[in-house]
Amino acid sequence: MAATGEAQPTKHQEVGHKSLLQSDALYQYILETSVYPREPQAMKELREVTAKHPWNLMTTSADEGQFLNMLLKLINAKNTMEIGVYTGYSLLSTALALPEDGKILALDINRENYEIGLPIIEKAGVAHKIDFREGPALPLLDEMVNDVKLHGSFDFIFVDADKDNYLNYHKRLIDLIKIGGVIGYDNTLWNGSLVAPPDAPLRKYVRYYRDFVLELNKALAVDPRVEICQLPVGDGITLCRRIS
């Protein structure tokens, strides 16, 4: 409390947080009341390990990890894909939600980061559900799209990778997700920068990718093949349910 008796704003305690809530204290309340008490021990351990990494801002927030875990259970997902893995926090959340014979095709250009979290994933007993592939996602997706047997074969796909390729991913993933399946695009509110004035002082990478995120959001809003719901969880996540 300040000398005036007014409460001072608090900072998020979670390293690399991405909450868009205006109140840091309210976000901390959500974490401490609803998220952390229910967070599996393995996810807590991986979150804490990732917090020490210099690129920890890339990780999925704990509240979004909880959301994804419940969503996968609600839609009874079994065959899933994740584009952009980093240390594997969202990947672990997915693996824990899937049934014992569930599968995740995990794509990332950096295996070294994935191996930071791999021992924890193995200890959690879910590594057998993960098929990790290192390298750019688009060439593999093109191969998959060319295989008609794979069309409509995925229940859920989560994309948290290079924002300048989100629309390129969407053009391919729409064939691979089943009717009624869900694609989740992460970071679709992009640090809140989407409504910032043109002269706003933005970090260089935020300004660079902002136009790509704006383009994606406009395209998804008019795509007749999907129903969409954009949620202010984490840094914004847009869910696309394929309907045709």
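Above: the structure in question.
This write-up is about the structure you can find in this document. Since this is a predicted model, take the numbers as computed values, not measurements. (Residues numbered from 1 in each chain as written. Predicted model: local features only at pLDDT ≥ 70, side-chain atom pairs only at ≥ 80, totals over all residues. Heavy atoms only, no water.)

Ordered in space as E3-E2-E1-E4-E5-E7-E6, the seven strands form an open sheet in which the pairing is mixed. Whereas interior strands pair on both sides, the edge strands pair on one side only; in this sheet they are strand E3 (130-134) and strand E6 (226-231). Taken pair by pair, the neighbouring strands of this sheet meet at an average axis angle of 15 degrees, ignoring direction. Alignment of strand E1 (residues 79-83) against strand E4 (residues 154-159), held across four bridges, turns out to be parallel. Among the inter-strand pairings, Ile83 is bridged to a residue of E4, identified as Val159. Contacts between helix H7 (residues 166-176) and the sheet are confined to E1, E4, strand E5 (177-186), E6 and strand E7 (237-242), with E5 contributing the most and set at about 160 degrees to the helix. The strands touched by helix H8 (residues 204-221) are E5, E6 and E7; relative to E6, the strand with the most contacts, the crossing angle is about 135 degrees. (Pairing = 2+ DSSP bridges. Helix = DSSP H or I, 4+ residues; strand = E, 2+ residues; numbered from the N terminus. Axes fitted to C-alpha atoms, helices over the stretch in contact; angles between N-to-C directions. Contact = heavy atoms within 4.5 Å.)

Here we take up helix H1 (residues 24-35). Here H1 has its buried residues at Asp24, Tyr27, Gln28, Leu31 and Val35. Axial view of H1: buried residues confined to an arc of 100 degrees, hence all on one face. Among the structural elements, helix H3 (62-74) are those in contact with the buried residues of H1. (Buried < 20%, exposed > 50% of the residue type's maximum accessible area, 1.4 Å probe, protein only. Arc of directions from axis to C-beta.)

This next bit is on the nonpolar core. In terms of nonpolar packing, the biggest core is built from 33 residues, with Leu91, Leu92, Tyr114, Ile121, Ile130 and Phe156 touching the most fellow members. Not counting residues up to four positions away in its chain, the partners in contact with Ile121 are Gly88, Leu91, Leu92, Tyr114, Val126, Ala127 and Ile130. In terms of nonpolar packing, the next biggest core, distinct from the first, is built from 25 residues, Leu138, Ile157, Leu173 and Cys240 among them. (Core = buried A, V, L, I, M, F, W, Y, C linked by side-chain atoms within 4.5 Å.)

As a further point, take the environment of Val233. You can see Val233 is positioned in the loop between E6 and E7. In this structure the C-alpha to C-alpha distance between Val233 and Glu48, which are 185 residues apart in sequence, comes to 20 Å. Sequence-distant contacts of Val233, that is, excluding residues within four places in its chain, are made with Asp63 and Glu64.

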